[in-house]
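# Fold and geometry: a report
Next come the chains, spelled out residue by residue.
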Amino acid sequence: MTEHNPIFLLICLSLLLAMPACRPTTAHTHSPEASPHFYEDSLRTFGRAEQLYSAGKYEEANLCYDSLFILPIADADHPDAMTAEEFRKLSVKTFNSLMVNYNILGEYQQGYNHLDSIERLNHPVISRHARRELWVAKAQMLMALNRAAEATDYLNRAMALQGENDDPESEIYCTSVAGITYMGVDTATTHAERAFVRAYEAVKRAGGTRVGCYPMAVGKLGFIYQMQGKYEECIALSREAVEGDTIDTAMQGRLMAAENLMNTYMELGLYDDALRYCSIGTNAKEIEGISNLTSRFFRVKADIYARTNRMDSALYAYDQADSCLAIFNNPDLRDRMRLHRAFCLSMIPDSIRSALHTLSQVVPRISDSYSAYSYCMYGEALVRAKRWDEAVHWLEPGMQKAKMLDLSLCATAAENLADCYQHLGQKDKLTAFFPEYRALRNSIADREKVRQLASANIRFKTEKKEQENRALSAEIELKNASLKTYMAVGAGALMLVLALIGWFVMRHRNLSLHLRLQEQQQEMADERLREQEAQLHRLIASRQELNERNRDLLRQLSDIQAAHENSCDLDRVMESLQDNLLTREEEKHFRSAFSAIYPSALTRLREACPAITRGEELFCMLILLKQTNEEVARTLGISVASVSKTRYRLRLKLELPEGSDVDAEVRKVMRG
């Protein structure tokens, strides 16, 4: 099943190193609150052992773990002790830690004996609730001891247990580790596949998991599907593992899943996709136990470059893979990498001699578990060098070994062997070999058809997915463009609204200022008119006062004349006083003040009565100012009878009917 059992042990050791982080993170569904002494007991037992483990004192840590199993369980005599569920959780942690410690120490037999002694305690909690974890741990030790039958028996018993506890994380953990261990002890993948499927289904029921070993289990299940030719199932599962949990302890599982994707895409001829997943492993950060895994990514990268005839890049990738193995410090793995590099070098005609020299040194050192690959590669390189006899010597045993490992490798070896028989003229061997060769070719042809169909289907789905992604991207871009357009239009509309609001506000402000200015100007004009009107009335009042004084003076003169008959000419004096009552200058000033108050009044009057005289104009002006007959007489210095005569003349000139109010008509004409 595996290329090399010690390598699988190293992978399992890497898994075990991740076990502490694989512990359930969710509380047990029905577990009560922590008992009063739970943390104290756990620190005194498991906590102390963890400190010793961190200090590298693995043997002392293993002894410290045993103190857990003598702690009391809560009952009538010990009401404050740990509950059964708390004891189960600490027991599971202890089993995991013991596996890690004994794998680090390489003392697998001692580890098995230790775990077996714990089982012989017949502890009531372990016997009822933690046997599955214990049996899986014992199977790990037995796998390392190459006691496959016993390990398989423990795994079968562990997987047969049902309802030992209702912890979904326990189900996921045990089925994942059991499946990985099955692959190390069983030549078939049936049991491993069932265990991995159980882990996968448990995760789906639980709605996800943070168990660190689960991605490795999914990666292994994907590998099984790849070997079975179920390429689409392998890709789907491996992608789930790669894109799932990202905690450091799950990194190895994610890388194994990425390796499945890389190998599957390479086998299907989808080299671009293979290189994309290859970069996940070649760019992975360094964590403990990852160097060997990283080297395999570089080796597959080199194989892809070799298949696409990029030999320089392929050789450089092989050198990078070898540098990773130098850190890992495993001579056998480094010899394998040199084997692949030399085989790649043999594809270059000028370098075939150097490649054969390296192969002749490396092939004898390759372990028996990998000898099928070394023999077939060496034989194919000898065929390229046309050294037929030597090639047959390596291809015949290599083909027999490859039958149990790799059908494609076996078919390639058979084709090279047939060429050797033909060039050597060994027709009897060729005739006897031909049926087997034809069967291999038919198997490869059938497998190639399946591979091509899977490749076409995957390529079709990939292109369809890409089209959907492009359509989705175009839709998103269209929505973004529409959104941008709407935002731009909205921003423009908002700016326009703000501009209109600003314009209306400024216009309203300007109108308010303009109205206020007009009001101020109107107030100033009204004030000026009031002053001018007051001045006009003062002028009229002064004329009237002067007229009164003149009248008094006339009365006095009349009295004097009556007393002194010949003293003076009274009529001449009176006429002189009346002529000087309203001078030209005063009349001009009066007209100016009147025109300021009533600018169009005289114009309308003259249009209505072109024959009007200056005296009559003054009369009309006083009528508009609402002066009485006496006030008009005093202002003009005439008698009231003269006022009546003037009014009569105006009636005639204005052609007013008898009985009409002259004063009202004059005001109507002058006001328009």
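Residues numbered from 1 in each chain as written. Predicted model: local features only at pLDDT ≥ 70, side-chain atom pairs only at ≥ 80, totals over all residues. Heavy atoms only, no water.

### Some details on the overall build of the protein chain
Assigned secondary structure in the protein chain consists of 29 helices and zero strands. Going through the 672 residues of the protein chain one by one, you find that 45% of them count as buried. Partitioning the contacts of the protein chain with sequence separation of at least 6, the portion at a separation of at least 24 is 68%. Here the protein chain displays about 35000 Å² of accessible surface, and carbon together with sulfur accounts for 53% of that area. (Helix = DSSP H or I, 4+ residues; strand = E, 2+ residues; numbered from the N terminus. Buried < 20%, exposed > 50% of the residue type's maximum accessible area, 1.4 Å probe, protein only. Contact = heavy atoms within 4.5 Å. Areas by Shrake-Rupley, 256 points an atom, 1.4 Å probe, with all protein chains shown as cover.)

### What about the packing of aromatic side chains?
In total, this model carries seven aromatic pairs according to the counting rule given. Considering the side-chain rings of Y421 and F433, the 5.9 Å spacing of their centres and the 80° angle between planes classify their relative orientation as edge-to-face. With Y421 in helix α21 (residues 407-424) and F433 in helix α22 (residues 427-563), the pair connects residues that are 12 residues apart, well separated along the chain. According to the relative accessible area criterion, Y421 is buried, its value standing at 6%. Taking the relative accessible area as the measure of exposure, F433 reaches 8% and is therefore buried. (Phe/Tyr/Trp six-rings, centres within 6.5 Å; stacked < 30°, edge-to-face > 60°.)

### Observations regarding a nonpolar patch on the surface
On the surface, L494, V497, L498, I501 and V505 cluster together into a nonpolar patch covering about 450 Å² of accessible area. Examined against the element boundaries, L498 turns out to sit in helix α22. Its relative accessible area of 51% is what places L498 among the exposed residues. (Patch = residues over 30% accessible without salt bridge, like charges linked within 9 Å, V, L, I, M, F, W, Y side chains within 5 Å. Salt bridge = Lys/Arg side-chain N within 4 Å of Asp/Glu carboxyl O.)

### Let's talk about helix α19 (residues 371-384)
Taking 1.5 Å as the rise per residue, α19 with 14 residues should run 20 Å; its terminal C-alpha atoms sit 20 Å apart, in good agreement. A large share of α19 lies buried, amounting to 13 of its 14 residues. K386 sits one or two positions beyond α19 and adopts a positive phi of about 60°. (Expected span 1.5 Å × (residues − 1).)

### Here's the deal with the environment of N330
Its place among the elements puts N330 in the loop between α16 (311-328) and α17 (331-345). When the C-alpha atoms of N330 and N292 are compared, they prove to be 9.0 Å apart, with 38 residues separating the residues in sequence.

### Thoughts on the pattern of salt bridges
Scanning all chains against the criterion turns up 25 salt bridges. Residue R88 pairs with E85 through a salt bridge whose shortest N-O separation is 2.9 Å. Of this pair, R88 and E85 are both found in helix α4 (residues 84-105), three residues apart, which corresponds to roughly one turn of the helix. The residues R88 and E85 share a single accessibility class, namely buried. One salt bridge in this structure joins R384 and E380, with 3.0 Å as the shortest N-O distance. One end of the pair is R384 and the other is E380, both in helix α19 and four residues apart, which spans about a single turn. What you see here is one network of salt bridges that share partners, running through D116, E119, R120 and K138.

### A look at α17
Side chains that are three or four residues apart share a direction in an α-helix, a result of its 3.6 residues per turn. Counted at 1.5 Å a residue, the expected span for α17 with its 15 residues is 21 Å, and the 21 Å between its end C-alpha atoms agrees. Within α17, 11 of the 15 residues are buried, leaving the element largely enclosed by the surrounding structure. If you check which residues of α17 are buried, you get D332, L333, D335, R336, M337, L339, H340, A342, F343, C344 and L345.

### What about the packing of helix α5 (residues 108-120) against helix α7 (residues 131-144)?
In a packed pair of helices, the relevant descriptors are the angle between the two axes and the axis-to-axis distance. Between α5 and α7, the shortest axis-to-axis distance is 8 Å and the interhelical angle comes to 155°. The orientation of α5 relative to α7 falls into the category roughly antiparallel. For the pair α5 and α7, the sense of crossing is left-handed. For the pair α5 and α7, contact is made by Y108, G111, Y112, L115, D116 and E119 and by L134, W135, A137, K138, M141, L142 and A144, respectively. Across the contact of α5 with α7, the residue classes break down as nine nonpolar, one polar and three charged. (Axes fitted to C-alpha atoms, helices over the stretch in contact; angles between N-to-C directions. Parallel < 35°, antiparallel > 145°, perpendicular 65-115°, else oblique. Left-handed = near helix turned anticlockwise from the far one by under 90°. Nonpolar A, V, L, I, M, F, W, Y, C, P; charged D, E, K, R; others polar.)

### Considering the side chain of N263
Of note, N263 is situated in helix α13 (residues 251-267). Ignoring sequence-local partners within four residues, the contact set of N263 consists of Q226 and V300.

### Quick word on the packing of helix α25 (residues 601-608) against helix α26 (residues 614-624)
Relative orientation of the contacting elements α25 and α26 amounts to 125°, with a least axis distance of 11 Å. Classed by the angle they form, the pair α25 and α26 counts as oblique. Note on packing geometry: the crossing formed by α25 with α26 is right-handed. Across the interface between the two elements, A601, L602, L605 and R606 of α25 pack against E617, C620, M621 and L624 of α26.

### Notes on the side chain of N416
Here N416 shows up in helix α21. For N416, a relative accessible area of 10% corresponds to the buried category. The residues touching N416, leaving out its near neighbours within four places in the chain, are E380, V383 and L395.

### Quick look at unusual backbone geometry
Unusually for a residue other than glycine, K626 sits at a positive phi of about 60°. For K626, the location among the structural elements is in the loop between α26 and α27 (629-636). Of note in this structure, E655 is not a glycine but carries a positive phi near 55°. Secondary-structure assignment places E655 in the loop between α28 (640-653) and α29 (662-671).

### Regarding the confidence of the model for the protein chain
Mean pLDDT over the protein chain stands at 78; residues scoring 70 or higher make up 83%. Confidence drops under pLDDT 50 across residues 13-32; counting only partners more than four residues distant or on other chains, this segment forms 48 contacts. (pLDDT = per-residue confidence, 0-100.)

### Here we look at the nonpolar core
Grouped together as the largest cluster of nonpolar side chains are 77 residues, with contacts concentrated most on F87, F95, I126, F196 and Y265. With sequence-adjacent residues up to four places away left out, I126 is seen in contact with F69, F87, S91, F95, I118, R131 and L134. In terms of nonpolar packing, the next biggest core, distinct from the first, is built from 37 residues, L339, A342, V363 and A372 among them. (Core = buried A, V, L, I, M, F, W, Y, C linked by side-chain atoms within 4.5 Å.)

### Side note on the environment of A306
The topology assignment puts A306 in helix α15 (residues 291-307). Here the alpha-carbon distance between A306 and L345, two residues 39 residues apart in the chain, equals 9.4 Å. With near-sequence residues (within four places) excluded, A306 lies in contact with M311, A314, C344 and M347.

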